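# Summary of the model geometry
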Amino acid sequence: MSRSKRKTPILPNCTATSEKSEKQKANRKLRRIVKEKLAVPEGELPQKKEISDIWN
């Protein structure tokens, strides 16, 4: 049990920023547009890829 705890913890070396806020904005935009389309009986529902651009 002398080495039961790791002596040198392995830490991630990733410095990328999170995309959480962009995902929240895209989903809010999608839900708003879907809600508007559902009010019209003849409207097609858009896909998430049509609403948001993954490269922005």
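This write-up is about the structure you can find in this document. (Residues numbered from 1 in each chain as written. Predicted model: local features only at pLDDT ≥ 70, side-chain atom pairs only at ≥ 80, totals over all residues. Heavy atoms only, no water.)

## Some details on the overall build of the protein chain
Along the backbone of the protein chain there are two helices and zero strands. Relative to its full complement of 56 residues, the protein chain shows a buried share of 9%. On the protein chain, roughly 6,100 Å² of surface is accessible, and the fraction owed to carbon and sulfur atoms is 53%. (Helix = DSSP H or I, 4+ residues; strand = E, 2+ residues; numbered from the N terminus. Buried < 20%, exposed > 50% of the residue type's maximum accessible area, 1.4 Å probe, protein only. Areas by Shrake-Rupley, 256 points an atom, 1.4 Å probe, with all protein chains shown as cover.)

## Regarding helix α1 (residues 20-39)
The periodicity of an α-helix, 3.6 residues per turn, causes residues three or four positions apart to be oriented the same way. In a regular helix each residue adds 1.5 Å, so 20 residues correspond to 28 Å; α1 covers 29 Å between its end C-alpha atoms and thus fits that length. The inward-facing, buried residues of α1 abut α2 (48-51). (Expected span 1.5 Å × (residues − 1). Contact = heavy atoms within 4.5 Å.)

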